[in-house]
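Spelled out from the first residue to the last, the chains are:
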Amino acid sequence: MSTPKNYFRNPQPFRVPTTDGKLIEEHVGLASTGTGQYSLAHMVAPPQWSEPHQRPEFDEITIVVRGRKRFEIDGDVVELGAGESLLIRAGARVRYSNPFDAECEYWSVCVPAFSPATVHREE
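Note that the coordinates shown come from a computational prediction; the quantities given were computed from them, not determined experimentally.

### Some words on the environment of Thr3
Part 1: With respect to the secondary-structure elements, Thr3 resides in the segment before strand S1 (14-15).
Part 2: It is 42 Å that separates the C-alpha atoms of Thr3 and Ala82, two residues lying 79 residues apart in sequence.

And the structure:
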């Protein structure tokens, strides 16, 4: 009988299907590892990309690797560049976009894990 490991190596992240040209690779979370406490995803947003406003039930930390990303948070506009990070608390009304001419690559951590059922996107 083998002892279960205290780690999980993910050789291939779950690639979330999208229709807007955005790359989403979940490395840890509900879709990739069945982890509900938190999620970690790598993303690349194409130039001129945006998504609808949402009011998630989870905290989200974004770390920009390259490019710039715009956040509209409860009426404020915040723009991040490479090397900057931002924590948006659960319950905030937020809209993510890349209205710029270059890709934006970033990592996102959600606590608890991202779920389509708890993101509450506006139509």
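### Section: the packing of aromatic side chains
Part 1: In total, this model carries two aromatic pairs according to the counting rule given.
Part 2: Both rings, one in Phe71 and one in Tyr96, keep their centres 5.6 Å apart while their planes meet at 80°; by these two values the pair is edge-to-face. With Phe71 in strand S6 (residues 68-73) and Tyr96 in strand S9 (residues 94-98), this residue pair connects regions lying 25 residues apart in the sequence. In this structure, Phe71 and Tyr96 share a single accessibility class: buried.
Part 3: For the cation-ring pair, Arg68 lies above Phe100, with the distance from its terminal atom to the ring centre recorded as 3.7 Å.

### Brief notes about a nonpolar patch on the surface
Part 1: A cluster of nonpolar side chains, contributed by Ile61, Ile63 and Leu87, occupies part of the molecular surface with about 220 Å² of accessible area.
Part 2: Along the chain, Ile63 turns up in strand S5 (residues 59-66).

### Concerning the UniProt feature "domain: Cupin type-2" (unreviewed entry) in the chain
Part 1: Here the UniProt-annotated "domain: Cupin type-2" (unreviewed entry) positions come out as residues 43-109.
Part 2: Secondary structure content for residues 43-109 is 0% helix and 60% strand, while the C-alpha to C-alpha distance between its ends is 11 Å.

### Some thoughts on the side chain of Glu105
Part 1: Mapped onto the elements, Glu105 comes out in strand S10 (residues 104-111).
Part 2: With a relative accessible area of 16%, Glu105 lands in the buried category.
Part 3: Engagement of the side chain of Glu105 in a polar contact is seen with the side chain of His42, the distance being 2.7 Å.
Part 4: Within polar-contact distance, the side chain of Glu105 engages the side chain of Arg66 at 2.8 Å.
Part 5: For Glu105, the residues in contact, after removing those within four places along its chain, are His42, Met43, Val44, Ile63, Val64, Val65 and Arg66.

### Comments concerning the pattern of salt bridges
Charged atoms that come close allow side chains of opposite charge to pair.
Part 1: For the coordinates displayed, the defined rule picks out eight salt bridges.
Part 2: Put simply, Glu79 and Arg68 hold a salt bridge, and the shortest N to O gap is 3.9 Å. Residue Glu79 is found in strand S7 (residues 76-81), and its partner Arg68 is found in strand S6; the two are separated by 11 residues along the sequence.
Part 3: Look at Glu79 and you get partly exposed, because its relative accessible area is 36%.
Part 4: One connected set of salt bridges, linked through shared partners, spans Lys22, Glu51 and Arg121.

Cut-offs applied
Throughout, residues of each chain are indexed from 1 in the direction in which the sequence is written. Reporting of local features is limited, given that this is a predicted model, to residues whose pLDDT is at least 70; pairs of side-chain atoms are given and counted only at 80 or more, and all residues count toward the totals for whole chains, interfaces and linings. Note that water and hydrogens are dropped before the side-chain values are worked out from all heavy atoms of the structure. Secondary structure elements are defined from DSSP: runs of H or I of at least 4 residues count as helices, runs of E of at least 2 residues count as strands, and each element is numbered from the N terminus. Side-chain rings of Phe, Tyr and Trp, where Trp is taken by its six-membered ring, are said to pair if the distance between their centres is within 6.5 Å; with planes under 30 degrees apart they count as stacked, over 60 as edge-to-face, and otherwise as tilted. Per-residue accessibility, obtained with a 1.4 Å probe over protein chains only, is compared with the maximum for each type, and a residue is labelled buried under 20%, exposed over 50%, and partly exposed between these values. A ring has a charge above it when a Lys NZ or an Arg CZ is no more than 6 Å from the ring centre and no more than 35 degrees off the ring normal. Nonpolar side chains (Val, Leu, Ile, Met, Phe, Trp, Tyr) within 5 Å and like charges within 9 Å form the patches, drawn only from residues with over 30% relative accessible area and no salt bridge. In this description, accessible areas are obtained by the Shrake-Rupley approach with a 1.4 Å probe, and a residue is regarded as covered only by the protein chains that are shown. For salt bridges, the criterion is a side-chain nitrogen of Lys or Arg within 4 Å of an Asp or Glu carboxyl oxygen. UniProt positions are given in the numbering used here, feature names are shortened, and annotations may be inferred rather than shown by experiment. Pairing of N or O atoms within 3.5 Å defines a polar contact, subject to two protein rules: one partner must be a possible hydrogen donor and the other a possible acceptor, and residues neighboring in sequence count only if both atoms are side-chain atoms. Any pair of residues with heavy atoms lying within 4.5 Å of one another is described as a contacting pair.

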